[in-house]
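This is what each chain is made of:
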Amino acid sequence: MGLSEKTIEICKATAPVLTEHGEAITTKMYDILFRDYPETKALFGEAPEDQHKKLAAAIVAYASNMDNLEVLGKAVESMAQRHVKTDVKPEHYPMVGVSLLGAIKEVLGDAATDDILEAWKEAYFYLGDILIAREKEIYETA
Ligand code: HEM
């Protein structure tokens, strides 16, 4: 099951706005994540300073390739490997998802319509499920 046409269209259309506010959104996302789910903080113990930029870049790359997911193959592998090294688990995905959507909502304000938030929610969990599946394989062979 892929993403709906509507979701792909909305995400592609809003990718430039997310790019523009990418750093503000990811910074806000970490604020919300560490405030509401402090247990996730330990996972980022060794995180480099540029982690915010990497996540922002991943979101944008994802948005630009939403209907061409193979392009993201290499990035998915790199993210999955890093996530397993830092002990990211499936239960963390909803925490990051809720924090990311909250951040988009806060930064974009009125521009973040329900349709836009719904589309990004769908897209986030779609990518999240791909990562979770790959990470499960890596955990099992480790
Ligand atoms: C769709 C969801 C996600 C995306 C797109 C994403 C993206 C990324 C990217 C691009 C990196 C850098 C990979 C590299 O260095 O090559 C990364 C690393 C990392 N992510 Fe995620 N991530 C997601 C979900 C999560 C979740 C749910 C957690 C758990 C709280 C998490 C925690 C981390 C940690 C701890 C690192 C390593 C930081 C470091 O030490 O470098 N991520 N992620």
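All of these numbers come straight from a predicted model, not from anything done at the bench. (Residues numbered from 1 in each chain as written. Predicted model: local features only at pLDDT ≥ 70, side-chain atom pairs only at ≥ 80, totals over all residues. Heavy atoms only, no water.)

*Asks:* Can you walk me through the overall build of the protein chain in this structure?
*Replies:* Counting its secondary structure elements, the protein chain contains six helices and zero strands. Each principal axis of the C-alpha atoms in the protein chain carries an extent, and together these give about 45 × 35 × 25 Å. With 142 residues in all, the protein chain has 36% of them scored as buried. Considering only intrachain contacts with a sequence separation of at least 6, the fraction spanning at least 24 residues in the protein chain is 83%. Computed over 15 positive and 25 negative side-chain charges, the inter-centroid distance for the protein chain is 4 Å. (Helix = DSSP H or I, 4+ residues; strand = E, 2+ residues; numbered from the N terminus. Buried < 20%, exposed > 50% of the residue type's maximum accessible area, 1.4 Å probe, protein only. Contact = heavy atoms within 4.5 Å. Lys, Arg positive; Asp, Glu negative; His and termini not counted. Charge placed at Lys NZ, Arg CZ, Asp CG, Glu CD.)

*Asks:* How do you make sense of the coordination of the iron atom of the ligand when you look at a structure like this?
*Replies:* Ideal coordination angles are 109.5 degrees for a metal with four donors arranged tetrahedrally and 90 or 180 degrees for a metal with six donors arranged octahedrally. For the iron atom of the ligand, the protein contributes exactly one donor atom, His83 (NE2), at 2.0 Å. In this fold, His83 is placed in helix α4 (residues 73–85). (Donors = N, O, S within 2.8 Å, 3.2 Å for Na, K, Ca; no water.)

*Asks:* How should unusual backbone geometry be read in this particular structure?
*Replies:* Glycine aside, residues mostly have negative phi, and peptide bonds are mostly found in the trans state. Positioned with a positive phi, Asp87 is a non-glycine residue whose angle comes to about 70 degrees. Within the fold, Asp87 resides in the loop between α4 and α5 (92–108).

*Asks:* Can you walk me through the packing of α5 against helix α6 (residues 114–141) in this structure?
*Replies:* Working note: a packed helix pair is described by the angle between its axes plus the distance between those axes. α6 packs onto α5 with a crossing angle of 155 degrees between their chain directions and a minimal axis gap of 10 Å. When the axis of α5 is compared with that of α6, the two are roughly antiparallel. Between α5 and α6 the crossing geometry is right-handed. Note on element contacts: α6 touches α5 through Leu117, Trp120, Lys121, Tyr124, Phe125, Gly128, Leu131, Ile132 and Glu135, opposite Tyr93, Pro94, Val96, Gly97, Leu100, Leu101, Ile104 and Lys105. (Axes fitted to C-alpha atoms, helices over the stretch in contact; angles between N-to-C directions. Parallel < 35°, antiparallel > 145°, perpendicular 65-115°, else oblique. Left-handed = near helix turned anticlockwise from the far one by under 90°.)

*Asks:* What is the right way to read the nonpolar core from this model?
*Replies:* Across soluble globular proteins, you tend to see nonpolar side chains buried next to one another. Of all hydrophobic cores here, the largest spans 34 residues; its most connected members are Tyr62, Met66, Ile104 and Trp120. Sorting the residues of this core by element identifies α1 (5–20), α2 (22–36), α4, α5 and α6 as the ones contributing at least two each. Broken down by element, the residue count for this core peaks at nine residues, all from α6. Leaving out residues up to four positions away in the same chain, Met66 has contacts with Leu3, Ile8, Cys11, Trp120 and Ala123. (Core = buried A, V, L, I, M, F, W, Y, C linked by side-chain atoms within 4.5 Å.)

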